[in-house]
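Below are the chains, spelled out letter by letter.
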Amino acid sequence: MLRCGQYLLPLERPLIMGIVNLTPDSFSGDGVASDTARAIEHAQRQIEAGADLLDLGAESSRPGAIPASLDEELERLLPVLDALAGCGVPVSVDTYKPEVMCAAIERGASMINDIYALRRPGAIEAVAASDCAVCLMHMQGEPLTMQQSPVYEDVVAEVAGFLAERVGAVASAGIGRDRLVLDPGFGFGKTLEHNLALLARLDETAVGGLPVLAGLSRKSMLGTITGRPVGERLPASLSAALIAAMRGAHILRVHDVAATRDALSVWQAVEAARPAFRSGLLPA
Ligand code: 9MG
């Protein structure tokens, strides 16, 4: 179970986190900019499509992105967060700024999704004072420059080592293990080769048996593999989500909630048939 504000999320089957991008960044074809009404509608559609939780992001973290100011981020985020309070699913807020974390938690956020894994001064304290879950993500460098020349000797070991260090740091501050989610950070300071190694060995990033979140949806690694532009990456995104689920991901951060749910349903139906097959209940 993941403790997520007032929610307790079961982790027996992969959960779907629907992305709600509040930035003017239209890279993934999902930016709703400052159109609060459209953002709320989009969030509601994600819930109807079967999202188990939502992730609101008001500052772009894509490679080369220019940071948003604190005021810009709050201005984009808070009206949408207010409208979604009590929407029936936990709302995560994608931010690394402690001030935004505090404001979001006060307005009912149930999870903080931090690409800096609470490394910014004041971030651990902001989350520790709440009952929110937190996603600790690995990133080498920072968004503006992270894709210029990522280097690792053993990417899986280094990402797992980083996550173990962050788990220790947040646990020392009193954030319980039942509130933690880990994330290898696909595309955050990683080449295609690094990303593929992490996906192939995703289970090794589940440090201490903690749940893992995988964010692969529409990412450029899928464009590199398929040669497709961002608007044509649905099949690749579904394949990647399914592979992550089969390698042990507990939460899938996706743009296309309904399609991801269908893909997972097929896998789960096959899984459900397996014990019966093994015990001879189904014909060979
Ligand atoms: C904000 N954001 C973009 N990509 C992400 C990913 O892969 N994981 C997490 N936790 N956040 C992400």
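Everything below is about the structure printed above this text.
Throughout what follows, the structure given in this document is the object of discussion. (Residues numbered from 1 in each chain as written. Predicted model: local features only at pLDDT ≥ 70, side-chain atom pairs only at ≥ 80, totals over all residues. Heavy atoms only, no water.)

### Looking at the overall build of the protein
Then, in step 1: Secondary structure summary: the protein contains nine helices and 10 strands in total.
Then, in step 2: The C-alpha atoms of the protein give a radius of gyration of 18 Å, which matches the 19 Å a tight globule of 284 residues would have.
Then, in step 3: For the protein, the spread of C-alpha atoms along the three principal axes comes to 60 × 45 × 40 Å.
Then, in step 4: Here the protein holds 284 residues, and 51% of them are scored as buried.
Then, in step 5: Counting only contacts in the protein whose residues sit at least 6 apart along the sequence, the fraction spanning at least 24 positions is 68%.
Then, in step 6: Put simply, the protein shows about 12,300 Å² of open surface, and 55% of that area lies on carbon and sulfur atoms. (Helix = DSSP H or I, 4+ residues; strand = E, 2+ residues; numbered from the N terminus. Rg over C-alpha atoms; globule rule 2.2 N^0.38 Å. Buried < 20%, exposed > 50% of the residue type's maximum accessible area, 1.4 Å probe, protein only. Contact = heavy atoms within 4.5 Å. Areas by Shrake-Rupley, 256 points an atom, 1.4 Å probe, with all protein chains shown as cover.)

### Quick word on the packing of aromatic side chains
Then, in step 1: In the structure shown here, the tally under the stated rule is one aromatic pair.
Then, in step 2: Above the ring of Y116, the side-chain terminus of R120 is found at 4.6 Å from the ring centroid. (Phe/Tyr/Trp six-rings, centres within 6.5 Å; stacked < 30°, edge-to-face > 60°. Lys NZ or Arg CZ within 6 Å of the ring centre and 35° of its normal.)

### A closer look at helix α2 (residues 70-84)
Then, in step 1: Over its 15 residues, α2 runs 21 Å from end to end, which matches the ideal 21 Å to within 8%, given 1.5 Å per residue.
Then, in step 2: Burial in α2 covers these residues: E73, L74, R76, L77, L78, V80, L81 and L84.
Then, in step 3: Directly beyond the C-terminal end of α2, a positive phi value near 80 degrees is found at G86. (Expected span 1.5 Å × (residues − 1).)

### Quick word on the side chain of R166
Then, in step 1: Summarising the element assignment, R166 is placed in helix α5 (residues 155-172).
Then, in step 2: Note on R166: relative accessible area 7%, which makes it buried.
Then, in step 3: A polar side-chain atom of R166 sits 3.4 Å from a polar atom in the side chain of E165.
Then, in step 4: Look past the residues within four positions of R166 in its chain and what remains in contact with it is A117, L118, R119, I124 and L136. (Polar contact = N/O pair within 3.5 Å; in protein donor to acceptor, adjacent residues only side chain to side chain.)

### Re the packing of helix α1 (residues 36-48) against α2
Then, in step 1: Relative to each other, α1 and α2 sit at 40 degrees, their axes nearing to 10 Å. Here α1 lies oblique to α2, going by the angle between them. For the pair α1 and α2, the sense of crossing is right-handed. The segment α1 lies against α2, with T36, A39, I40 and A43 engaging P79, V80, A83 and L84. (Axes fitted to C-alpha atoms, helices over the stretch in contact; angles between N-to-C directions. Parallel < 35°, antiparallel > 145°, perpendicular 65-115°, else oblique. Left-handed = near helix turned anticlockwise from the far one by under 90°.)

### Quick look at the packing of α5 against helix α6 (residues 192-200)
Then, in step 1: Packing of α5 against α6 leaves a shortest axis separation of 9 Å and a crossing angle of 70 degrees. Looking at the two axes, α5 sits roughly perpendicular to α6. Like other packed secondary-structure pairs, α5 and α6 cross with a definite hand, here right-handed. Where α5 approaches α6, its residues V155, V156 and V159 are matched on the opposing element by H194, A197 and L198.
Then, in step 2: Its residues assigned to classes, the contact of α5 with α6 shows five nonpolar, one polar and no charged. (Nonpolar A, V, L, I, M, F, W, Y, C, P; charged D, E, K, R; others polar.)

### Some points on α1
Then, in step 1: Given a rise of 1.5 Å per residue, 13 residues ought to cover 18 Å, and the 18 Å separating the end C-alpha atoms of α1 matches this to within 8%.
Then, in step 2: G50 occupies a position one or two residues after α1 and carries a positive phi of about 110 degrees.

### With respect to unusual backbone geometry
Leaving glycine aside, a negative phi is the common case for residues, and trans is the common case for peptide bonds.
Then, in step 1: The backbone of L118 sits at a positive phi, close to 60 degrees, despite the residue not being glycine.
Then, in step 2: Tracing the chain through its elements places L118 in the loop between β6 (111-114) and α4 (123-128).

### What to know about the environment of W267
Then, in step 1: Relative to the helices and strands, W267 resides in helix α9 (residues 257-278).
Then, in step 2: Placed 21 residues apart in sequence, W267 and M246 show a C-alpha to C-alpha distance of 8.5 Å.

### Concerning the side chain of D114
Then, in step 1: Along the chain, D114 turns up in strand β6.
Then, in step 2: Buried and without a salt bridge, D114 has R166 as its closest oppositely charged side chain, separated by 7.2 Å.
Then, in step 3: Not counting residues within four places of it along the chain, the set of residues in contact with D114 comprises T95, Y96, M101, R119, A123, C135, L136 and M137. (Lys, Arg positive; Asp, Glu negative; His and termini not counted. Salt bridge = Lys/Arg side-chain N within 4 Å of Asp/Glu carboxyl O.)

### Looking at the nonpolar core
Then, in step 1: In this structure, L56, L77, L118, L136 and L252 are the most contacted members of the largest nonpolar core, which totals 67 residues.
Then, in step 2: With eight residues, the single largest contributor to this core is α5.
Then, in step 3: Apart from residues lying up to four places away in sequence, L252 is in contact with P14, L15, I16, M17, A214, A241, A244, A245, T260 and L264.
Then, in step 4: Ranked by size, the runner-up nonpolar core spans 13 residues in total, among them L53, M111, C135 and V181. (Core = buried A, V, L, I, M, F, W, Y, C linked by side-chain atoms within 4.5 Å.)

### Quick notes on the site of the ligand
Then, in step 1: Lining the immediate surroundings of the ligand are S61, D94, N113, C135, M137, D183, F188, L213, G215, K219 and R253.
Then, in step 2: K219 places a polar side-chain atom, nitrogen or oxygen, 2.6 Å from an oxygen atom of the ligand.
Then, in step 3: In the environment of the ligand, a nitrogen atom lies 3.5 Å from a nitrogen or oxygen atom belonging to the side chain of R253.
Then, in step 4: In the complex, the protein chains occlude 95% of the 310 Å² of accessible area that the ligand would expose alone.
Then, in step 5: At the level of secondary structure, the elements contributing two or more residues to the shell around the ligand comprise β7 (133-137) and β9 (213-215).
Then, in step 6: For the shell around the ligand, a count of residues per class yields four nonpolar, three polar and four charged. (Near = heavy atom within 4 Å.)

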